[in-house]
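# Coordinates in review
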Amino acid sequence: MTIRSVRQKVTASPAPNEAEAVAIQVPVGEPSASAAGGAALGDVAITVRDLSAWYGARRVIRDVSMDIRSNAITAIIGPSGSGKSTLLRCLDRMHEVVPGARSSGKVAYQGVDIYDPEIEPAAVRRTIGMVFQQPNPFPTMSIYDNVAAPARFNGLVKGKAAQDELVERCLRQAALWDEVRDKLGHGGTSLSGGQQQRLCIARTLALQPKVLLMDEPCSALDPVATLQIEQLMSNLKSEYTIVIVTHNMQQASRVSDITAFFNMGPDRAGYLVELDDTRTLFTNPKNQLTEDYVSGRFG
Amino acid sequence: MTESARAPEQRGALDLAGLRRRRWTGDLAFRAILSALTVAITVVLGLMMIESFISASPVYQKFGIIGFVTGSEWAPSFTIYGAWPFIYGTLVTSFLGLLIAVPISVLIALLLTDLAPARLRGPLGIAVDLLAAVPSVVYGLWGLLVLVPAMRPLEQGIAGTLGRVVPFFGPPTPGSSYFAAGVILAIMIVPIVSAVTREVFASTPRIQREAVLALGGTRWDVARTVTLPIGRAGLLAAVVLGLGRAIGETIAVTLVIGNSDNIGKSIFSPGFTLASVIANEFNEATETLHPEALIALGTVLLVVSVIVNAVAIGIRNRFTGGSRSGF
């Protein structure tokens, strides 16, 4: 199945199980009245149902069900070992690239099961882009080529002019253009850590994805660079569905509209404790564990 | 941030005395042992050079060093000794071997790290490693009895078509030849080159592979954008290793190269390499200056190895200058 046919499938089937999704939806407060600044939240973009994941024989997440809304930032918080990154990697089928890793349950984007055997993982990853914890620009490529790389993998643009335009637009979106416009031919690894991470964000944007998954994107960065990335996320929110894993509760409360709290169960597998709009989760959590965690009593 | 940066520094200052004491015992002994070994290696190499130079000095006195190296005639019964036919044979067979072996080795390594399904990688890797453990005389006999006859139609085909235009590929095609030796060398160095290359490719940071996959890239995209560019320095090191083995390989080459003292015009002519002529003639070297000339060939072999390796390392350094900085 080609990427193009998957795209058609994605757009042509308007959430056939929308009713089901709404029926068993994890409560997210009152969507219209809740989230930060009273901004209306978008529709459900990704539905996760009974998702479990293993590395070899070890189960790392257990029976996670949650909805991820479009055009909002969903933060996933929780202590180490609670399966936050694994959950994120299950959302774009990156979990399975680790030898011995597998998962069960259902993940659907716009109603399309991304684990359908008919669907190519590369097509999923093109629609649902990922930014990693460590900035990982390709070390042997220039800044320009780093941003152009995904277009080359997927044959997204034809011709030099279109490619130039794509590179500039993505670097502008990632708020990096002004800093690198005169040195596009320099190596991607010649940039500072924060610039490298923005380069990686620009590279992911060049996929023209619908969803951005970010796995602790600021953990390797200094406070100034962190702030820049956070501003960037707020700017991108209008066009993308963003899911961010973070260790940093302040960051979650600063940038996200919705927060999901994960914890490690007695079987050492992570599970979803509570999901709510960010303000409610931090100020008036329903679960005692969540309250203990956000008030700094453990984790 | 500043607190955590300063704290270990202070602790370091307090511990300095203790550190210094340990350095006198463990560190210093370790360094002394390593230094002694390094010096020993250099001294042994130097003694080898000096000893073989002295033993072979009558040859150099008679023909001159340049005359000996460039002399294209080797006729022990007339006391004429020139090393060039064997230098030529060594270079031709080694480079032919590399030409065939390197692309195959790179493909095998990529197959084992990026392209093959995960459950096939283990068994395939073991099979390739086993090839490296086969003794070279086995390769030589197999080459003589199986490969050389089997390649005759191919050789005749090339000699009959391309060979009519380019004398280097021309007839006749007796079987044992530079070409046969090159092919045997290729088969022998594929395991070592692919094993080293696989290690190099396998050490590509996981985060780089995942970057390609997360951007919708295929396994082939991983190989071409990450594994090959990042691993090219290591790949060249593997090639140097394979070249070293090809230059020095003796028994297998002796069995299939045809053992002729003359420079063959065609790649399908019989010839000799430096290593194989020494192995083949030393036992029966009864003519005047013959043993001395063979010892001189040993020195030439050593020098050729050093020069070829130096060139290869130079190429590697030029390839990798700059692009790997910051990684």
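Residues numbered from 1 in each chain as written. Chains lettered and ligands numbered in written order. Predicted model: local features only at pLDDT ≥ 70, side-chain atom pairs only at ≥ 80, totals over all residues. Heavy atoms only, no water.

So, about the overall build of chain A. A tally of regular secondary structure across chain A gives 12 helices and 10 strands. Here chain A, with 299 residues, has 55% of them falling under the buried criterion. Across chain A, the fraction of contacts at a sequence separation of at least 24, relative to all contacts at a separation of at least 6, is 69%. Only carbon and sulfur atoms are counted for the fraction: they give 50% of the accessible area of chain A, which is about 12,300 Å². (Helix = DSSP H or I, 4+ residues; strand = E, 2+ residues; numbered from the N terminus. Buried < 20%, exposed > 50% of the residue type's maximum accessible area, 1.4 Å probe, protein only. Contact = heavy atoms within 4.5 Å. Areas by Shrake-Rupley, 256 points an atom, 1.4 Å probe, with all protein chains shown as cover.)

Turning our attention to the interface of chain B and chain A. Where interface size is given, it is often the accessible area lost as the parts come together that is meant. Of the residues lining the interface, 21 residues belong to chain B; the matching set on chain A comes to 22 residues. For the pair chain B and chain A, the summed buried surface comes to about 1,900 Å²; carbon and sulfur atoms form 66% of the total. It is Glu210, Ala214 and Leu215 of chain B in chain B that bury the most area against chain A; as a group they hold 32% of the surface buried on that side. Counting across the interface, chain B meets chain A through 1 salt bridge. The salt bridge involving Arg89 of chain A is made with Glu210 of chain B; its shortest N-O contact spans 2.7 Å. (Buried area = accessible area lost by both parts, 1.4 Å probe. Salt bridge = Lys/Arg side-chain N within 4 Å of Asp/Glu carboxyl O.)

In the predicted model, chain A carries a mean pLDDT of 86, and the fraction of residues at 70 or more is 86%. Long-range and interchain partners of residues 1-39 of chain A, a stretch whose pLDDT sits below 50, account for 55 contacts in this model, where long-range means more than four residues apart. (pLDDT = per-residue confidence, 0-100.)

Right, let's talk about the pattern of salt bridges for a bit. For the structure on display, the rule yields 18 salt bridges over all chains. Arg93 of chain A is the partner of Glu96 of chain A in a salt bridge, and the nearest nitrogen-oxygen pair spans 3.0 Å. Taken together, the shared-partner salt bridges in this structure form one network comprising Arg89 of chain A together with Arg206 and Glu210 of chain B.

This part is about the side chain of Ser52 of chain B. Residues and elements named next belong to chain B. In this fold, Ser52 is placed in helix α1 (residues 2-55). The class of Ser52 is buried, set by a relative accessible area of 17%. Engagement of the side chain of Ser52 in a polar contact is seen with the backbone oxygen of Met49, the distance being 3.2 Å. (Polar contact = N/O pair within 3.5 Å; in protein donor to acceptor, adjacent residues only side chain to side chain.)

A few words now on the nonpolar core. Residues Phe68, Trp74, Phe86, Phe179, Ile267, Leu274 and Leu297 of chain B are the most contacted members of the largest nonpolar core, which totals 64 residues. Counting residues per element, the ones that place at least two in this core are α2 (57-63), α4 (84-115), α6 (136-160), α7 (178-202), α9 (219-248), α10 (251-256), α11 (274-281) and α12 (290-320) of chain B. It is α7 of chain B that provides the largest number of residues to this core, a total of 14 residues. Look past the residues within four positions of Phe86 of chain B in its chain and what remains in contact with it is Trp74, Asp261, Phe272, Thr273, Leu274, Val277 and Leu297 of chain B. Listed in part, the 47 residues of the second largest apolar core include Phe138, Phe153, Leu207 and Ile258 of chain A. (Core = buried A, V, L, I, M, F, W, Y, C linked by side-chain atoms within 4.5 Å.)

Residue and element names in this part refer to chain A. Judged by how many residues are buried, strand β7 (residues 211-215) sits mostly within the fold: 5 of 5 residues are covered. Going residue by residue along β7, you find Val211, Leu213 and Asp215 tucked away on one face and Leu212 and Met214 tucked away on the opposite face as well. Inspection of the sheet shows strand β6 (residues 128-131) paired to β7 by 4 bridges, in the parallel sense. Across the sheet, Met130 pairs through a bridge with Leu213, a residue of β7. Across 5 bridges, β7 lies against strand β8 (residues 241-245) in parallel orientation. (Pairing = 2+ DSSP bridges.)

A separate point is the packing of aromatic side chains. For the structure on display, the rule yields 11 aromatic pairs over all chains. Each ring, one from Phe138 of chain A and one from Phe153 of chain A, has its centre 6.4 Å from the other, and the planes form 70°; the classification is edge-to-face. One end of the pair, Phe138 of chain A, is in the loop between β6 and α5 (143-154); the other, Phe153 of chain A, is in helix α5, with 15 residues separating them in the sequence. The pair Phe138 of chain A / Phe153 of chain A is uniform in exposure class, with both members buried. Look at Tyr88 of chain B and Tyr178 of chain B: their rings are 5.6 Å apart centre to centre, the planes differ by 80°, and that puts the pair in the edge-to-face class. Of this pair, Tyr88 of chain B sits in helix α4 while Tyr178 of chain B sits in helix α7, placing them 90 residues apart in sequence. Note on accessibility: Tyr88 of chain B and Tyr178 of chain B belong to one class, buried. (Phe/Tyr/Trp six-rings, centres within 6.5 Å; stacked < 30°, edge-to-face > 60°.)

Residues and elements named next belong to chain A. For the pair helix α8 (residues 193-205) and helix α9 (residues 223-236), the least separation of the axes is 9 Å and the interaxial angle reads 20°. Comparing their axes, α9 and α8 come out roughly parallel. The way α8 lies across α9 gives a crossing that is right-handed. Contacts between α8 and α9 involve Gly194, Gln197, Arg198, Ile201 and Leu205 from the first element and Ala225, Gln228, Ile229, Leu232 and Leu236 from the second. For the contact of α8 with α9, the residue count by class is 6 nonpolar, 3 polar and 1 charged. (Axes fitted to C-alpha atoms, helices over the stretch in contact; angles between N-to-C directions. Parallel < 35°, antiparallel > 145°, perpendicular 65-115°, else oblique. Left-handed = near helix turned anticlockwise from the far one by under 90°. Nonpolar A, V, L, I, M, F, W, Y, C, P; charged D, E, K, R; others polar.)

Per the counting criterion, the structure on display carries 2 cavities of 30 Å³ or more. Computed from the structure, the second largest cavity encloses a volume of approximately 50 Å³. Met130, Val131, Phe132, Asn136, Cys200, Arg203 and Thr204 of chain A together with Ala211, Ala214 and Leu215 of chain B are the residues that line the second largest cavity. Here the lining of the second largest cavity gets 3 residues from one element, more than from any other, and that element is α8 of chain A. When the residues that make up the lining of the second largest cavity are grouped by side-chain class, the tally is 7 nonpolar, 2 polar and 1 charged. (1 Å grid on protein atoms, 1.4 Å probe; cavity = no way out; pocket = protein on both sides within 12 Å on 5 of 7 lines; lining within 4 Å. Points joined across faces, edges and corners; volume = space filled by probe spheres on them.)

So, on to the pairing of strand β1 (residues 44-55) of chain A. Residues and elements named next belong to chain A. The buried fraction of β1 amounts to 9 of the 12 residues, a majority that puts the element mostly inside the structure. In this structure, β1 lies alongside strand β2 (residues 58-69), joined through 8 bridges in antiparallel fashion. In the sheet register, Leu51 faces β2, and the bridge partner there is Val64. The turn linking β1 back onto β2 is made up of 2 residues, and Gly56 within it adopts a positive phi angle of 60°. Pairing between β1 and strand β4 (residues 101-109): 8 bridges, direction antiparallel. Bridge pairing links Ile46 to Tyr109 in β4.

This brings us to α8 of chain A. For α8 of chain A, which comprises 13 residues, the first-to-last C-alpha distance of 18 Å matches the rise-based estimate of 18 Å (1.5 Å per residue) to within 8%. Along α8 of chain A, the positions that sit buried rather than exposed are Gly194, Gln195, Gln196, Gln197, Arg198, Leu199, Cys200, Ile201, Ala202, Arg203, Thr204 and Leu205 of chain A. (Expected span 1.5 Å × (residues − 1).)

Residues other than glycine predominantly adopt negative phi, and peptide bonds predominantly adopt the trans conformation. Cis peptide bonds are those with omega within 30 degrees of zero, and the linkage from Pro171 of chain B to Pro172 of chain B qualifies with 0°. Positive phi, close to 50°, is recorded for Asp50 of chain A, a residue that is not glycine. Examined against the element boundaries, Asp50 of chain A turns out to sit in strand β1. You will see that Ala175 of chain A, though not glycine, has its phi angle at about 55°, which is positive. Structurally, the position occupied by Ala175 of chain A is in the loop between α6 (160-173) and α7 (177-180). Ala175 of chain A sits in the partly exposed class, given a relative accessible area of 45%.

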